[in-house]
Structures are given as structure tokens and as C-alpha cells.
Amino acid sequence: MIYQRAELHNHTVESDGSMTVTKLMQWADKHGYGVISLTDHNTCSGHRLAEACIKDDNLSLDLIRGVEITTFYGHVLALGMNSMVSFTDLDPNAPERFFKKLRANGAAAIGLAHPFCLGRPVMAGCRFDMKIHDWNCIDYIEVFNTSSGINEYGEKIIGNETALGFWEQKVLEGFRLAAVTGKDIHNEPADENCMVTYAILDEDEAERNRADAVLGAILRQRTLVTRGPMMYARFRDGALSIDVDNSSNYFDWNKKYMEVDPILVIRDDLGHEVSLKPDIKDGKIEVRMDEAASRAVIRLYDGDKEFSSLLAAGIYAEDRKE
Amino acid sequence: MNAYQVKGELPKGFLGHISYETILPEDNEGIELRFTFGKRLMEDPGDQDRNEAGEAWIRNMGREASFEEIDRLIGMEKTEINVSVFHNDAYIGCAHRDETDRTAVISPREASEGFIPWSFRGGVLKIVLHVYQILNEETPYELTVIGKEARR
């Protein structure tokens, strides 16, 4: 199993960012992202520049072409889009037709960016105000937008805690949504230990195009958001098995993990919540849940269960009862 | 192509897309687009403006905003209009920037940031103003499109 770090929400001078496409690609490569999506507001004009930069500079980076469709009623990330489409016909009370149009124009994965941001009138259009009737049109939710870095005030303005809770509620209801982060880069980010996205890939996937593999992982809910351990969970007949991989060098997690006081919180689709203090050093955690449960979401904290103490989240396991 | 210029005023609270379409001559090749609008920041916030900012704050912060916090929120609000260009239904790009004055040049060989290079020979040019928020009455805007003939 391969954990692939990916950065999925970024802007450049092609819209309202301050970094050139070349600078952004070089930044991602330098910081070990491996896969980056370029999601300028309502334009695909940077895609070719990004691909040329990756090739010419021989970067170890794969590009996901993308757009942040910046509507009056929320920002929609469309990954895989090769060309932008008009959004003047978007009906916020029935947006499904518009999402189908995005699919028809190449969107492989459709996500909601910062859905619980402060919104109108302070940040017009930034909060997701569409009425979705069919959540199968959506593939993922940006549960951590880290554009404000590590900043409690900024986190509240962006609404990350609400977004994570919303994602957990939706997946426990059975909707197939992945959880991801987005730096929403407009300026070169400060070097802070923010939550990042890892896609969980099979080894043969990682050997091919990593950008396609990350898209596939999003569609299969094989992602997690973390600023420490990489985790993957399996669920079968009430037995929840969680792999923990502490090898990440992101902010020296591979050296620091021995110092944390881990608290694991698991919620299932029957409404149960299990909280325990596991040993995360041995690489595997086994937890007994209700045999009748079929879905579980997992959070890992350090020290206490405050939102600011979260180490990892967005981890989902499902027992398909096959 | 002669310069195509339109101007207007928008009322406070307007939300919507404003489209302008024109037929391009066959000997046209590129375009230069200039767009400007005024009154970017709220000029005279009233009680309703302060209440709306306060309601947005409560949703995320879970408590009422202080008078100073409301002032800060009002200061963050802005009139926002962005501009997209279409040619025969192809989406050429968007000038989505936090600026009141924008200029873009698009030709088959090069394009300003936000746009792809494109040949505008004949056909229908559509410019769409995406009006995200208007904070003041009589907010002025002006759009100018100048055609560039093909090289001989």
C-alpha cells in the first residue's frame, strides 16, 4: 500500500493568485507533494503551462487538471476538467443538472470547497448554498481548507470543524464522499504543519500515473486528512482493523510520533461512539464494534478531543456485508 | 472591428450575469478587452448591512459580533465583478481577479493571464460579467472590446 500526498486546491496568476504556474509547480515538487491539482477560478488557462513546467524542469510531480468553478452559491472543485464551461445556467435549487454538465466536460471528481465558509455578504459566494437533492453527484468534500494556516480564528471563519462533521454525517448515512484538504494557495504558503491529503493507493496504481490514481482513490473514498500518521481502516463483522504508518517525514512525524498521547474516536452508523487510547507504535489497532454496524468514521487526537488537537481524520471504513 | 463599448450602473444588491454579444468580422483575429467598475467598498453601511454581516458571523463563530468586529467585517466586504469570454460557445477564459480595472489581450499566438490563445475570426463573441456582489447604489461599470485585425 502506498500513501500518496496530494495538494488539490490551488491558484496562480491565471486567476487571483500571486504565484506563477511555474512557481507553484516548483513549490509543490520541493515540498514533496507528488500530485498537484491546478484549480484556478473559472479558467483552465494554466494547465498547459503546468504540464510544460513539469516536463521541462523534470519535476517529480503529476498534474490533475482542474478548475474551481466559482459560482454565486459556492465553490465547486472539478478535477479532470480540460476546458471550462459556462455556469450562467446554474440553478442553486437544482444544481444536479450543472454537475452532470461538468461530468460531460471531463470532470472525473467533483468536490465542494470550504462549504461552511463565512459566506455572503462578507465573503460573497464562498459558502455552499446550493440545495443538493442527489448527493451521488458529489465525490468529495474539502473538510480542511488550510488557507489560513494554523489559526483558530481562521479555522472558524472557514468552518472546517463543521465541514468535517458534515462529511462524517453524510458518509455514515451511506453517501460515497471522500474527505480531502486544500491549501487553497493564493500566495506561497507559510511552512506550517497543516492537515494534508493522502490518497491510499495499491502499489500497481502508484507505478502508473499518480494523478489518475489519486482521482481513483477519491472516487473510492480511499483518502485521509492528517498532519501526522497515515492510516487505513478495514471493517468486517464488527471488527475494525486500522493500519497506522508513522513513516511520513512531513514535519518529522516519523521522529515525533513517539511523543504524542493518542486518543482514537470511532463513530459508527448505529450511533455508537468508541473512544480509546491506543498504542500507535505497533502499526495496527484492532477495535471491536457492534456487529450490526456497517460504516465507521475515525478521528485521531493528541492529548484531548479538542478540534485543534486533531492529528488525523476523514478516515472511513465500510463493511459491505458481502 | 470598431471598439465596442458599453457602460451602465448597477443597484445595490444586484446578483446575476450580464451578457453582451457581438458578431465579429471575418478579418478579425484577436481582441483586447478592458473592464472597469467603481465603488468597490461599502460607502455608507446601514443597520441592515451591519445586521447581515453579524448574522454571517454568528453562523460560524457561535456568538454575536462586537461593534468593532462588525466594522471589520464590513471592511472585508467588496463589490465583485468578474469577466468571462466566449467565442461561438467555446469558453476562452476568465479575468477573475481582485481588481477594479482589468485589461486582457487574446490572440492566436498569446493571451493574457486567465485566457487561452484563440483566433477570433468571425462568429459570435460573448462577454459575460459575473456580478457576485454590489455593495452600493449606482455602481458604475464600463466594458470596452477592441478587435485586432489579422496580420496581412
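What counts and how
Residues numbered from 1 in each chain as written. Chains lettered and ligands numbered in written order. Predicted model: local features only at pLDDT ≥ 70, side-chain atom pairs only at ≥ 80, totals over all residues. Heavy atoms only, no water. Buried < 20%, exposed > 50% of the residue type's maximum accessible area, 1.4 Å probe, protein only. Helix = DSSP H or I, 4+ residues; strand = E, 2+ residues; numbered from the N terminus. Arc of directions from axis to C-beta. Contact = heavy atoms within 4.5 Å. Core = buried A, V, L, I, M, F, W, Y, C linked by side-chain atoms within 4.5 Å. Domains from an automatic or database assignment. Buried area = accessible area lost by both parts, 1.4 Å probe. Salt bridge = Lys/Arg side-chain N within 4 Å of Asp/Glu carboxyl O. Polar contact = N/O pair within 3.5 Å; in protein donor to acceptor, adjacent residues only side chain to side chain. Nonpolar A, V, L, I, M, F, W, Y, C, P; charged D, E, K, R; others polar.

So, on to helix H2 (residues 67-76) of chain B. Residues and elements named next belong to chain B. Within H2, the full set of buried residues consists of Glu69, Ile70, Leu73 and Ile74. Taken down its axis, H2 places every buried residue within 140° of arc, on the same side. For H2, the exposed residues set more than 90 degrees away from the buried face come down to Glu68 and Gly75. Check the buried side of H2 and you find it contacts helix H1 (47-61).

So, on to the nonpolar core. Residue and element names in this part refer to chain A. Counting residues in hydrophobic clusters, the biggest one holds 50 residues, and the most contacted among them are Ile69, Phe99, Leu102 and Trp167. The element that contributes the greatest number of residues to this core is helix H5 (residues 160-172), accounting for six residues. Filtering out sequence-adjacent residues up to four positions away, phenylalanine 99 remains in contact with Val76, Ile110, Phe128, Met130, Ile132, Cys137 and Ile138. Formed by 48 residues, the second largest nonpolar core is a distinct cluster that contains Cys53, Trp253, Val287 and Leu311.

This brings us to the domain arrangement of chain B. Buried accessible area, meaning the area lost when the parts come together, often serves as the stated size of an interface. With domains assigned, chain B is organised as domain 1 (4-41 + 78-149) and domain 2 (47-76). When each unit is reduced to the centre of its C-alpha atoms, the spacing between domain 1 of chain B and domain 2 of chain B is 33 Å.

What follows deals with the interface of chain B and chain A. Taken together, the contact between chain B and chain A spans 30 residues of the former and 29 residues of the latter. Summed over both partners, the interface of chain B with chain A comes to about 2700 Å²; 62% of that surface belongs to carbon and sulfur atoms. Taken together, the connections running from chain B to chain A amount to zero salt bridges. The tally of links from chain B across to chain A stands at 13 residue pairs in polar contact (both at pLDDT 80 or more). Those elements that provide at least two residues to the side of chain B that touches chain A are strand E2 (16-23), H1, H2, strand E4 (80-87), strand E5 (90-95) and strand E7 (124-133) of chain B. The greatest single-element share of the side of chain B that touches chain A, amounting to seven residues, is contributed by H1(B). The residue makeup of the side of chain B that touches chain A, split by class, is 15 nonpolar, eight polar and seven charged.

At 3.6 residues per turn, the α-helix brings residues three or four places apart onto the same side. Residues and elements named next belong to chain A. Every buried residue of helix H2 (residues 47-56) is listed here: His47, Ala50, Cys53 and Ile54. Considered in projection along H2, the buried side chains sweep an arc of 130° and stay on one side of the axis. Exposed side of H2, more than 90 degrees from the buried face: Arg48, Lys55 and Asp56 are the residues found there. On its buried face, H2 sits against helix H1 (21-30), strand E2 (35-38) and strand E3 (62-71).

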